[in-house]
Amino acid sequence: MLYKSIAKPVLFRMDPEKAHHLTIDGLHTFGKIPGGRLLLQAVWGVGVYPELETELWNIKFTNPVGLAAGLDKNGKAVPGFSSIGFGFMEVGTVTPKPQEGNPLPRLFRLPEDGALINRMGFNNVGIEGMKRNLRNQGKRTIPLAINIGKNKATPNEQAHEDYRACIQALYGYGDFFVVNISSPNTPDLRNLQHGDDLSRLLAAVKDEMDAMHAKFGGREKPVLVKIAPDLTPEEVEYTAATILRSNVSGIIVSNTTISRDGLANANRGETGGLSGRPLTGKSTELIGTVYRLTEGKLPIIGSGGIFTAEDAYAKIRAGASLVEVYTALIYEGPALVKRINRGLRQLLRQDGFKHISEAVGSAHTGR
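Residues numbered from 1 in each chain as written. Predicted model: local features only at pLDDT ≥ 70, side-chain atom pairs only at ≥ 80, totals over all residues. Heavy atoms only, no water.

**Q** What is the right way to read the pattern of salt bridges from this model?
**A** Summed over all chains, the structure comprises 16 salt bridges. The salt bridge involving lysine 282 is made with aspartate 230; its shortest N-O contact spans 3.0 Å. Of the two residues, lysine 282 is situated in helix α9 (residues 280-293) and aspartate 230 in the loop between β9 (223-227) and α8 (233-246); the sequence distance between them amounts to 52 residues. Residues participating in the shared-partner salt-bridge network are Lys4, Glu332 and Arg339. (Salt bridge = Lys/Arg side-chain N within 4 Å of Asp/Glu carboxyl O. Helix = DSSP H or I, 4+ residues; strand = E, 2+ residues; numbered from the N terminus.)

**Q** Sorry, what's going on with the pairing of strand β7 (residues 144-148) here?
**A** Moving residue by residue along a regular strand, the side chains alternate between the two faces of the sheet. When you tally the buried positions in β7, you get 5 out of 5 residues, the bulk of the element. Side chains of β7 alternate between two faces, with Leu144, Ile146 and Ile148 and Ala145 and Asn147 buried alike. Where strand β4 (residues 88-94) meets β7, 5 bridges bridge the pair, whose relative direction is parallel. Considered in β7, the bridge of valine 91 is made with isoleucine 146. (Buried < 20%, exposed > 50% of the residue type's maximum accessible area, 1.4 Å probe, protein only. Pairing = 2+ DSSP bridges.)

**Q** Teacher, can you tell me more about the packing of helix α2 (residues 16-32) against helix α3 (residues 36-44) here?
**A** Angle between the axes and distance between the axes: these two values describe a pair of packed helices. Between α2 and α3, the least distance of the axes is 5 Å, while the angle of their chain directions is 115 degrees. Between α2 and α3, the crossing angle belongs to the class labelled roughly perpendicular. Across the interface between the two elements, Leu27, Phe30 and Gly31 of α2 pack against Gly36, Arg37, Leu39 and Leu40 of α3. Tallied by class, residues from the contact of α2 with α3 come to 4 nonpolar, 2 polar and 1 charged. (Axes fitted to C-alpha atoms, helices over the stretch in contact; angles between N-to-C directions. Parallel < 35°, antiparallel > 145°, perpendicular 65-115°, else oblique. Contact = heavy atoms within 4.5 Å. Nonpolar A, V, L, I, M, F, W, Y, C, P; charged D, E, K, R; others polar.)

**Q** Help me out: how do you make sense of a nonpolar patch on the surface in this one?
**A** A surface patch of nonpolar side chains, about 510 Å² in accessible area, is lined by Leu2, Ile6, Phe30, Ile33, Leu39 and Val43. Breaking the nonpolar patch down by element, the ones donating at least two residues are α1 (2-11) and α3. Topologically, phenylalanine 30 is positioned in helix α2. (Patch = residues over 30% accessible without salt bridge, like charges linked within 9 Å, V, L, I, M, F, W, Y side chains within 5 Å. Areas by Shrake-Rupley, 256 points an atom, 1.4 Å probe, with all protein chains shown as cover.)

**Q** Would you take a moment to explain the pairing of strand β11 (residues 273-276) for this structure?
**A** Alternating residues of β11 divide into Gly273 and Ser275 and Leu274 and Gly276, and every residue in both groups is buried. Where strand β6 (residues 115-118) and β11 come together, 4 bridges link them in antiparallel fashion. Paired with alanine 115 across the bridge in β11 is glycine 276.

**Q** Explain the sheet that holds β9 here, please?
**A** Note on sheets: strands pair through backbone hydrogen bonds, and any given pair is parallel or antiparallel. Ordered in space as β3-β4-β7-β8-β9-β10-β12-β13, the 8 strands form a closed barrel in which the pairing is parallel. Within the sheet, the average angular offset between the axes of one strand and its neighbour, ignoring direction, is 30 degrees. Relative to β4, strand β3 (residues 65-67) is paired through 2 bridges, and the arrangement is parallel. Across the sheet, the residue bridging to glycine 66 is phenylalanine 88, located in β4. Together, β4 and β7 form the strand contacts of helix α5 (residues 126-135), whose direction differs from that of β4 by roughly 150 degrees.

Structure below.
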């Protein structure tokens, strides 16, 4: 009610990107002031429930609902986001060099469709800027993933160098890493999902992760790949097989779509990646396909159009071990996280599951 009755009307009268920056700056400030994080936790925090706790890659997640990449691009508001109930979060996408991204306007609301279209273009402060932000925020309270990409000016033939640079600079600041090869807003980036380019890129990423682990020791940090929802069935099959062979740790399904099917809002003609409700079924179906193709051997994080506990549960039953939200947070506010977790507990009980891990992939077994 606090968000929908007061904050949302104000934010939705503003330009979407200005509202975005205001939100990030507000959470950044709340995360720094004395008692700010405690206040956020008191209002929006989520309790710890054993049936929702998950352990993957030797990382403990107190609940399966995370924040997708793209909202906190520069890692500026990690303490604030960590205090509103998320089980984990992604920052980024970050590139080696700072870049301004695409010309304004580049973010559009589609309220009738429960959607957003963005063509941000990996606008970010670069690896050194993110390093400064993360260094100054103290001890993390939830697992943090760093989503990494290539600069627009870097040709695909040299993309591996950018991903290596991100890992080298930020290895000590993240709990796991996500290789973004699926944004539609960097020219030719999605081509890295196909052919030998994908094999070479993932081999370079794994090599760099292994080198950093050898240098710093400690727990071996996982690296995941984020794929697009617009792959053809043949491309999905090849991409899944390549990722499985590469020995990366998991897959995020999925990024935004370039499809515009069934949209009502006037902004539907804008170029960019579409997120939100129109992606709900498409991403869930792709999760099921990837889970089947990988025989459940590779953990999946499900993302795309999660507005309700039922949406999240469908992705978990399709094969996702964790889920992420983004667009729904803009439309529903921070209470969304608590609502999804509460609903997941009810749905597990309803289906006779004692732990969320029992529900992962259950749609494939007829349960």
